[in-house]
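# Coordinate inspection notes
Given next are the chains, with one letter for each unit.
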Amino acid sequence: MGGDWFDVIPLSADRVAMVIGDVMGHGIAEAATMGRLRTAVRTLADLDMAPDELLSHLNDLVSDLGEDFYATCLYAVYDPAGRRCSYSLAGHPPPVFVYPDGTVHSPVTSPDPPLGAATPPFAAHGLPLPDGSLVVLCTDGLIESAAQDVEQGLARLLRVLSGAGAGPARFTGTDQEKDVQGLEELCDTVVSELLPDRGRTTDDAALLIAHTRAMPAADIASFGLPDDPRAAGQARQLARDQLTRWGLDELTTTTELLVSELVGNVVRHAKGPMRLRLLRSRILTCEVYDGSLSTPRVRHATYTDEGGRGLQLVAALSRRWGARYLSDSKCIWAEQDIPNVAGRVGVAS
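Residues numbered from 1 in each chain as written. Predicted model: local features only at pLDDT ≥ 70, side-chain atom pairs only at ≥ 80, totals over all residues. Heavy atoms only, no water.

Turning next to the layout of surface pockets. Put simply, the largest pocket is a space of about 870 Å³. Lining the largest pocket are 31 residues; nearest its centre among them are Arg15, Asp48, Met49, Arg324 and Tyr325. Elements supplying a minimum of two residues to the lining of the largest pocket: α2 (51-64), β3 (71-79), β4 (84-90) and β13 (320-325). The residue inventory of the lining of the largest pocket, partitioned by class, reads 16 nonpolar, six polar and nine charged. (1 Å grid on protein atoms, 1.4 Å probe; cavity = no way out; pocket = protein on both sides within 12 Å on 5 of 7 lines; lining within 4 Å. Points joined across faces, edges and corners; volume = space filled by probe spheres on them. Helix = DSSP H or I, 4+ residues; strand = E, 2+ residues; numbered from the N terminus. Nonpolar A, V, L, I, M, F, W, Y, C, P; charged D, E, K, R; others polar.)

Set out below in structure tokens:
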């Protein structure tokens, strides 16, 4: 019974988090720790934390368990709109990327110590990722053994991926069922090549391969807004015109209310510069960016209050909403379901 695990977590703006980790040791205690870490990662990911910040909180959790608990972890976020992958790692093997032309690449990084032994902050890494690339994450049990160290095993993994033809011929990008089948076959090939005697191995091994799908430029609309009360009216008009171009007029009324409340919240409680972004995928996402790091809070407004109900309205009209923070700004977002539209996803895994 071991402590290897992986997870794929949907985030706002169609971004996807991919996490893989390994609790050191074997036994019931290590398996229980793995379960606690996996639950903690899902909770922290829901707060839209950056990878380095998330690992810092995870490090505190492992440190509180005692001196005998350590874990390695890699947390990555793929952004299909920005076509970029950001990640941080704590004592874990680095990610491997397979580009659409078949090129296999593993960035050379100096990993921070394992969780429980590290001193934050963790290093933040990122790189552009072309549409149709593969993200390959694994634990050391797949690439390290008594016969080879991690560096040798990683080099062997790169050779296997290159020889397996993990390029565009294997994936169509349009047939999700066929792409998932291709991913499963590729995983089988990698495991068979790297662990031919897996029944005799004494360590756990986890492998996650994700096929990325970028968001087409036609499904992204971004607009600058003035830093004054006129912004709400302009945002409503911009949203109305864009939904007409997308053929989503049935969502116009709700979307106008959402963007009006989000922009109005910035005008009253935050500061510019402001920007409105609309994303169309399997859902419609409305985002409003501003230059403040203040946290939006849902107030309990009384019958006599003239304001304070904006975020209550946003919560009632959207399938979910939230905020995420950038280096010098924040984004408040809200999602709506698109009726009768076959969805796209950020990754198939």
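On to the environment of Ala217, then. Tracing the backbone shows Ala217 in the loop between β9 (207-212) and β10 (220-225). The class for Ala217 is exposed, based on a relative accessible area of 63%. (Buried < 20%, exposed > 50% of the residue type's maximum accessible area, 1.4 Å probe, protein only.)

Let us now look at helix α6 (residues 230-246). The end-to-end C-alpha distance of α6, which contains 17 residues, comes to 25 Å, matching closely the 24 Å that a straight helix rising 1.5 Å per residue would cover. Along α6, the residues that are buried comprise Ala231, Ala232, Ala235, Ala239, Gln242, Leu243 and Trp246. Projected onto a plane normal to the axis of α6, the buried residues spread over an arc of 100 degrees and lie on a single side. Residues of α6 that are exposed and angled more than 90 degrees away from the buried face: Arg230 and Arg245. If you follow the buried residues of α6, they end up packed against β10, α7 (252-269), β11 (274-280) and β12 (283-290). At the exit of α6 stands Gly247, carrying a positive phi of roughly 70 degrees. (Expected span 1.5 Å × (residues − 1). Arc of directions from axis to C-beta. Contact = heavy atoms within 4.5 Å.)

The peptide bond linking Pro120 to Pro121 adopts the cis configuration, its omega dihedral lying at 10 degrees. Tracing the sequence through the fold places Pro121 in the loop between β6 (104-105) and β7 (125-128). The phi torsion at Asp14 lies on the positive side, around 65 degrees, for a residue other than glycine. Counting through the fold element by element, Asp14 comes out in the loop between β1 (4-10) and β2 (16-23). One non-glycine residue, Arg83, lies in positive phi territory at about 50 degrees. A relative accessible area of 35% means that Arg83 is categorised as partly exposed.

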